[in-house]
Amino acid sequence: MLKLVLKMIDQLKKIKEELLISAASTKEELEDFRVKFISKKSVFSSLFEKFKELPDEKKKEIGQRLNEVKTFAQARFKELAGQVNQSHVTDESVDVSLPTVPVQAGSVHPITQTYFRIIEIFERLGFNVEDGPEIEDDWHNFTALNFPPNHPARQMQDTYFLSDDKNCVLRTHTSNVQIRLMSDEKPPFRAIMPGRVYRNEAISSRAHCFFHQVEGLSIDKAVSFKDLKQTLYHFSKEMFGKDTEIRLRPSYFPFTEPSAEIDISCFICKGDGCKICKHTGWVEIAGSGVVDPNVLENCGIDPSEYSGFAFGMGIERIAMLKYQLDDIRRFSENDLRFLRQF
Ligand code: DAH
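Worth saying up front: this structure is predicted, and the values here are computed from it rather than measured.

K.L.:
A description of the pairing of strand E7 (residues 246-253) should follow, citing residues and the corresponding values.
P.N.:
Summarising the sheet, E7 and strand E8 (residues 256-265) pair through seven bridges and their orientation is antiparallel. Across the sheet, residue Leu248 finds its bridge partner in E8, namely Ile262. The loop that links E7 with its antiparallel partner E8 comprises two residues.

In structure tokens form, the structure reads like this:
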């Protein structure tokens, strides 16, 4: 019996030591403490079982010790619980169980979405993405692209001039990047050049003073008009659906010869005629052509060795067709009711 008494005294000592060095910094650690020292299955339960077996003369002494350590455990639990809760809530007026105020998530702008989709389609055809400046000189925006000094096509571009000598402009198209790429690097190239462009135009539902274009350029030995046609045919099907047909109409651009305007079959009315296609069954999506030999020469590329095609399309135009929108101004008004729909 003496053995049991000594064993219990020893156990209580060890429990007390354990309690003295106990700590809890999380709710989980606090719970572990509670299970071990406070709950029905705590270390004290088995000691109280053994207590019943003790001879009466020892019960008083051991009972006192047992109660003392148990009371100490309860006090320690309160203390630890206070510390854990305080580390989470410093101000009692804050109710951490309340739902949070929802954060309004933004959406990707429809122009950016269209831009990403265009890049994705052309990247799979082996086109790189190139970038160029929005503030440009006359050479890269006009002269190297075969716009003679007093050519009417210059006036048609509605240019914003940034200097009195008219040498510094806000680029009117992304074709400036063609010139930079061809002058800076050696062919072959296959690249698309997306970016913002500026025109001094009256703002209306169909025109804006700034918008976005994607330029395309492919230069190699023996690249021809049929490669242009095949590339834009593939693009149109990927962008607007596999039943889309394309039509090329003869046109004029100073930097391409021959030049063509690319139309796609109206994917809304399938050719029957509707508002979007102005009842013609066709909608225009791009200007294009075979790069003029003068342009190649201006960039130091030998036209007897290399040839290529180029195209340019408006990203707003593609987005308006794709999402069936009728007002270009919506893209730049920052009206969340509009933007959240995409
Ligand atoms: N730069 C022309 C414009 O802004 C679009 C264009 C037409 C680009 C034909 C081209 C092209 O590369 O070949 O109106």
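And the narrative resumes.
K.L.:
Account for the packing of aromatic side chains, naming residues and giving values.
P.N.:
Two descriptors summarise a pair of aromatic rings, namely the distance from one centre to the other and the angle between the planes of the rings. Applying the stated rule across the entire model yields 14 aromatic pairs. Between Phe33 and Phe77, the aromatic rings sit 6.0 Å apart at their centres with planes inclined by 15°, giving stacked as the arrangement. Of this pair, Phe33 sits in helix H2 (residues 27-37) while Phe77 sits in helix H4 (residues 56-88); the two residues are 44 residues apart in sequence, bridging distant segments of the chain. Counting every residue linked through ring pairs, the aromatic cluster contains Phe122, Phe127, Phe235, Phe309 and Phe311.

K.L.:
So, the site of the ligand: which residues are in play, and what are the values?
P.N.:
The environment of the ligand is made up of 15 residues, and the closest members are His173, Ser175, Arg199, Gln213 and Glu215. Between Gln213 and the ligand, the recorded distance is 2.9 Å, taken from a side-chain N or O atom to an oxygen atom. Contact distances for the ligand include 3.3 Å between an oxygen atom and a backbone N or O atom of Phe311. Protein coverage of the free-state accessible area of the ligand, which is 350 Å², stands at 91%.

K.L.:
Pulling in residues and values, what's your account of the state of the cysteines?
P.N.:
By definition, a disulfide is the covalent link that joins the sulfur atoms of two cysteine residues. On inspection of all chains with the given rule, the structure shows zero disulfides. No disulfide involves Cys209; its sulfur sits 18 Å from the nearest other cysteine sulfur, which is in Cys168. Here Cys209 falls in the buried class, since its relative accessible area comes to 16%.

K.L.:
Residues and numbers for helix H5 (residues 110-123), please.
P.N.:
In a regular helix each residue adds 1.5 Å, so 14 residues correspond to 20 Å; H5 covers 20 Å between its end C-alpha atoms and thus fits that length. All of the buried residues in H5 are Pro110, Ile111, Thr114, Ile118, Ile119, Ile121 and Phe122.

K.L.:
Break down the packing of H5 against helix H9 (residues 225-240) for me, citing the residues and quoting the values.
P.N.:
As a packed pair, H5 and H9 sit with axes 10 Å apart at the nearest point and diverge in direction by 130°. By the angle between their axes, H5 is oblique relative to H9. Pair H5 / H9 crosses with right-handed handedness. Seen from H5, the contacting residues are Thr114, Arg117, Ile118, Ile121 and Phe122; seen from H9, they are Thr231, Leu232, His234, Phe235, Glu238 and Met239.

K.L.:
Lay out the domain arrangement of the protein chain with the relevant residues and their values.
P.N.:
By the assigned domains, the protein chain splits into domain 1 (2-89) and domain 2 (110-339). Measuring from the centre of the C-alpha atoms in domain 1 to the corresponding centre in domain 2 gives 80 Å.

K.L.:
Can you lay out the packing of helix H1 (residues 2-20) against H2 for me, pointing to particular residues and giving the numbers?
P.N.:
At a minimum axis separation of 13 Å, H1 and H2 run at an interaxial angle of 165°. The angle between the axes of H1 and H2 places the two elements in the roughly antiparallel class. Between H1 and H2 lies a crossing of left-handed hand. Contacts between H1 and H2 involve Ile15, Glu18 and Leu19 from the former and Phe33, Lys36 and Phe37 from the latter. The residue makeup of the contact of H1 with H2, split by class, is four nonpolar, no polar and two charged.

K.L.:
Describe the pattern of salt bridges, and please don't skip the residues or the numbers.
P.N.:
Per the stated rule, a full pass over the model turns up 21 salt bridges. Between Glu120 and Arg117 there is a salt bridge, with its nearest N and O atoms 2.6 Å apart. Highlighted residues: Glu120 and Arg117, both in helix H5, separated by three residues, approximately one helical turn. On the basis of relative accessible area, Glu120 is assigned to the partly exposed category, the value being 39%. The shortest N-O distance in the salt bridge between Arg249 and Glu284 comes to 3.8 Å. Taken together, the positions of Arg249 in strand E7 and Glu284 in strand E9 (residues 282-291) put the pair 35 residues apart, joining distant regions of the chain. Taken together, the salt bridges that share partners define one network made up of Arg117, Glu120, Arg124 and Glu238.

K.L.:
Account for helix H8 (residues 175-184), with residues named and values stated.
P.N.:
Extensive coverage of H8 is indicated by the burial of seven of its 10 residues. Tucked into the core, H8 has its buried residues touching strand E2 (135-137), helix H6 (138-141), strand E5 (189-198), strand E6 (210-220), helix H10 (293-298) and strand E10 (307-314).

K.L.:
So what's going on with the pairing of E5? Which residues, and what values?
P.N.:
Most of E5 sits out of view: eight of its 10 residues are buried. Note that strand E1 (residues 128-129) and E5 share two bridges and pair parallel. Bridge pairing in E5 links Val129 to Ile192. Pairing analysis gives 10 bridges linking E5 to E6, with the strands arranged antiparallel. If you follow Pro194 over to E6, its bridge partner there is Val214.

Thresholds applied
Residues numbered from 1 in each chain as written. Predicted model: local features only at pLDDT ≥ 70, side-chain atom pairs only at ≥ 80, totals over all residues. Heavy atoms only, no water. Pairing = 2+ DSSP bridges. Helix = DSSP H or I, 4+ residues; strand = E, 2+ residues; numbered from the N terminus. Phe/Tyr/Trp six-rings, centres within 6.5 Å; stacked < 30°, edge-to-face > 60°. Near = heavy atom within 4 Å. Polar contact = N/O pair within 3.5 Å; in protein donor to acceptor, adjacent residues only side chain to side chain. Areas by Shrake-Rupley, 256 points an atom, 1.4 Å probe, with all protein chains shown as cover. Disulfide = S-S within 2.5 Å. Buried < 20%, exposed > 50% of the residue type's maximum accessible area, 1.4 Å probe, protein only. Expected span 1.5 Å × (residues − 1). Axes fitted to C-alpha atoms, helices over the stretch in contact; angles between N-to-C directions. Parallel < 35°, antiparallel > 145°, perpendicular 65-115°, else oblique. Left-handed = near helix turned anticlockwise from the far one by under 90°. Contact = heavy atoms within 4.5 Å. Domains from an automatic or database assignment. Nonpolar A, V, L, I, M, F, W, Y, C, P; charged D, E, K, R; others polar. Salt bridge = Lys/Arg side-chain N within 4 Å of Asp/Glu carboxyl O.

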